[in-house]
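Analysis of the macromolecular model
Here's the letter readout for the chains.
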Amino acid sequence: MSLNTKKSPASAPRGKKHTARLTRADGDNTRQQIIETAGQLFADLGYMGTTSKLICEECGCNVAAVNYHFGSRDGLYSSVLIESHSRLIGFNTLLEISNSSDDSRAKLSRILDILVDGIDANQWHSRLFIREIMAPSVHIEAMINNEALPKLSLLKTLLSDITGLDPEDPQMSLTLLSTVAPCMLLLVGNRDNLSKVLGNFWEDKAALKIHLKRFLFAGLDHLATQNQNITKNHA
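Per chain, residue numbering runs from 1 following the sequence as it is written. Confidence filtering applies because this is a predicted model: local features only for residues at pLDDT of at least 70, side-chain atom pairs given and counted only at 80 or more, and all residues used for totals across whole chains, interfaces and linings. Based on all heavy atoms of the structure, the side-chain values leave hydrogens and waters out of the count.

A short note on the environment of Arg31
- Going along the chain from the N terminus, every DSSP run of H or I of four or more residues is numbered as a helix, and every run of E of two or more is numbered as a strand. Within the fold, Arg31 resides in helix α1 (residues 11–45).
- Burial status follows relative accessibility: with a 1.4 Å probe on protein chains alone, a residue under 20% of its type maximum counts as buried, one over 50% as exposed, and anything between as partly exposed. By relative accessible area, which is 30% here, Arg31 ends up partly exposed.
- Sequence separation between Arg31 and His69 is 38 residues; the distance between their C-alpha atoms is 6.3 Å.
- Apart from the residues lying within four places of it in its own chain, the contact partners of Arg31 are His69, Phe70 and Ser79. Two residues form a contact once any of their heavy atoms are found within 4.5 Å.

Focus: the packing of aromatic side chains
- Classification of ring pairs rests on two measures: the distance between centres of Phe, Tyr or Trp rings, Trp counted by its six-membered ring, which must be within 6.5 Å, and the angle between planes, read as stacked under 30 degrees, edge-to-face over 60 and tilted in between. Using the criterion set out here, one finds four aromatic pairs in the structure.
- Between Phe201 and Trp202, the ring centres sit 6.1 Å apart and the planes meet at 40°, which makes this aromatic pair tilted.
- A relative accessible area of 9% places Trp202 in the buried class.
- Taken together through their ring pairs, the aromatic side chains of Phe42, Tyr47 and Tyr77 make up a single cluster.
- The ring of Tyr47 has Arg73 lying over it, and the distance from NZ or CZ to the ring centre is 4.1 Å. Each ring is checked for a lysine NZ or an arginine CZ that lies within 6 Å of its centre and within 35 degrees of its normal; such an atom marks a charge sitting over the ring.

As for helix α3 (residues 63–70)
- Restricting attention to buried positions, one finds in α3 the residues Ala65, Val66 and Phe70. In an axial view of α3, the angular spread of the buried residues amounts to 100°, which keeps them on one side of the axis. Exposed and facing more than 90 degrees away from the buried side of α3 are Ala64 and Tyr68.
- Within two residues after α3, Gly71 carries a phi angle of roughly 90°, on the positive side. Within this analysis, the arc is defined by the directions that extend from the helix axis to the C-beta atoms.

Points about the nonpolar core
- Side-chain atoms within 4.5 Å are what join buried Ala, Val, Leu, Ile, Met, Phe, Trp, Tyr and Cys residues into a set we call a nonpolar core. Counting residues in each nonpolar core, the largest one holds 49 residues, and the members touching the most others are Ile34, Phe42, Leu76, Val80, Leu108 and Leu128.
- A total of seven residues in this core trace back to one element, the largest contributor, which is helix α8 (residues 140–163).
- With residues up to four places along the chain from it excluded, the contact list for Leu108 reads Leu155, Leu158, Leu159, Ile162, Thr179, Leu216, Phe217 and Leu220.

Examining a nonpolar patch on the surface
- Distance thresholds for patches are 9 Å for like charges and 5 Å for nonpolar side chains (Val, Leu, Ile, Met, Phe, Trp, Tyr), applied to residues having over 30% relative accessible area and no salt bridge. Accessibility throughout is a Shrake-Rupley quantity obtained with a 1.4 Å probe, and a residue counts as covered only by protein chains that appear here. The salt bridge criterion pairs a side-chain nitrogen of Lys or Arg with a carboxyl oxygen of Asp or Glu, the two atoms within 4 Å. On the surface, Ile133, Met134 and Met184 cluster together into a nonpolar patch covering about 260 Å² of accessible area.
- Relative to the helices and strands, Met184 resides in helix α9 (residues 170–188).
- Exposure remark for Met184: the relative accessible area of 31% places this residue in the partly exposed category.

Details of helix α2 (residues 52–59)
- Within the sequence span of α2, burial applies to Ile55, Cys56 and Cys59. Buried residues in α2, looked at end-on, bunch into an arc of 95°, giving them a common side. Exposed and facing more than 90 degrees away from the buried side of α2 are Lys53, Glu57 and Glu58.
- Of the residues flanking the end of α2, it is Gly60, one or two places downstream, whose phi is positive at about 80°.

If you want it as structure tokens, here you go:
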């Protein structure tokens, strides 16, 4: 009786799938390595001062890898900008908080904690974000459309729950500004210079968070009371 030594049909696909998974993993690792290297360089040297050749030399890859994963240096810079915004606070993190069982005030409090904790001038994502805000490039649109606007939409919903304002009410823009402006100042302002003028409030980050939230919620509560009175007067 002859033995059938052929591999079963199922064994070949398993091998192919395993190879495909390894290829994807290698590709993901390469892509992330390029982002990390490019992020450091863009943060230190700016877009104009960072060439594809320099990125490849520092990363240990070739231009073909950059073009494969990002299309071009422009595509890479846009991706790095999006990553920098995501590291300050990710959309999925915001979405998870928004969908949690906490009340809206607790949700907003958690978001502010994450924002303050995410401000670190020693990290490339903070330095690149600051550079782009202070001297915007044409690529800032990608960061605004892919990161900022979706996150602000979630934030507007929370602020609407707290204040009673419609998310599209003109006052909501000012409310958003008052909510994020202190964090933007902490991010963009030079920490040493701010400390010289305002004192080293970074020494006690917990107290800083409490202070920021005390002022924010006082303003939001005032808006909520004001909105309730307007609603009663029109009832």
